[in-house]
Amino acid sequence: MLKCPVCGNPVEVPDDAMPGELIEHDCGVVLEVYRDSNGNLALRPFEGVQEDWGE
Ligand SMILES: [Zn+2]
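For the structure given in this document, a descriptive report is provided here. (Residues numbered from 1 in each chain as written. Predicted model: local features only at pLDDT ≥ 70, side-chain atom pairs only at ≥ 80, totals over all residues.)

### A closer look at the overall build of the protein chain
Looking only at helices and strands, the protein chain has zero helices and five strands in total. When the helices and strands of the protein chain are read in sequence order from the N terminus, they spell out β-β-β-β-β. Among the 55 residues that make up the protein chain, the fraction classed as buried is 7%. In the protein chain, of all internal contacts separated by at least 6 residues, the share reaching a separation of at least 24 is 23%. (Helix = DSSP H or I, 4+ residues; strand = E, 2+ residues; numbered from the N terminus. Buried ≥ 20, exposed ≤ 12 C-beta atoms within 10 Å, placed from the backbone. Contact = placed C-beta atoms within 7 Å.)

Right, dumping it as C-alpha cells:
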C-alpha cells in the first residue's frame, strides 16, 4: 500500500496503475504515479498543467 506524500494516509492504487497515471486522493491533492530509482511504483504530488477538472 502506497502512502500519500501530502497527508500520509494510505492511497489505493490499482494493481494495473501505470507511471504517469493521476490519482485524486481524499485529501484533495492529485497524485502522479511514477517509478522510483528502485523500479517500484511511488506517488508524488502532481504539479503539472492545472486543468479545470469541473464537476
Ligand atoms: Zn492525501
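### Let's talk about the pairing of strand β4 (residues 30–35)
Residues in a regular strand point their side chains to alternate faces of the sheet. Where strand β3 (residues 22–24) lies against β4, three bridges are found, and the strand directions are antiparallel. Note on β4: the bridge partner recorded for E24 is V30. In this structure, the hairpin formed by β3 and β4 is closed by a connection of five residues, where G28 is found at a positive phi of approximately 105 degrees. Joining the antiparallel neighbours β4 and strand β5 (residues 41–45) is a turn of five residues, in which G39 adopts a positive phi near 85 degrees. (Pairing = 2+ DSSP bridges.)

### A look at the sheet that holds β4
Pairing in this open sheet of three strands is antiparallel, and the strands run β3-β4-β5 from one edge to the other. Strands with a single pairing partner mark the edges of an open sheet, and in this sheet they are β3 and β5. Sheet twist, expressed as the average angle between the axes of neighbouring strands with direction ignored, equals 35 degrees. (Axes fitted to C-alpha atoms, helices over the stretch in contact; angles between N-to-C directions.)

### Focus: the pairing of β5
Sheet analysis places β4 next to β5, joined by five bridges and oriented antiparallel. Along β5, the bridge assignment pairs E32 with R44.

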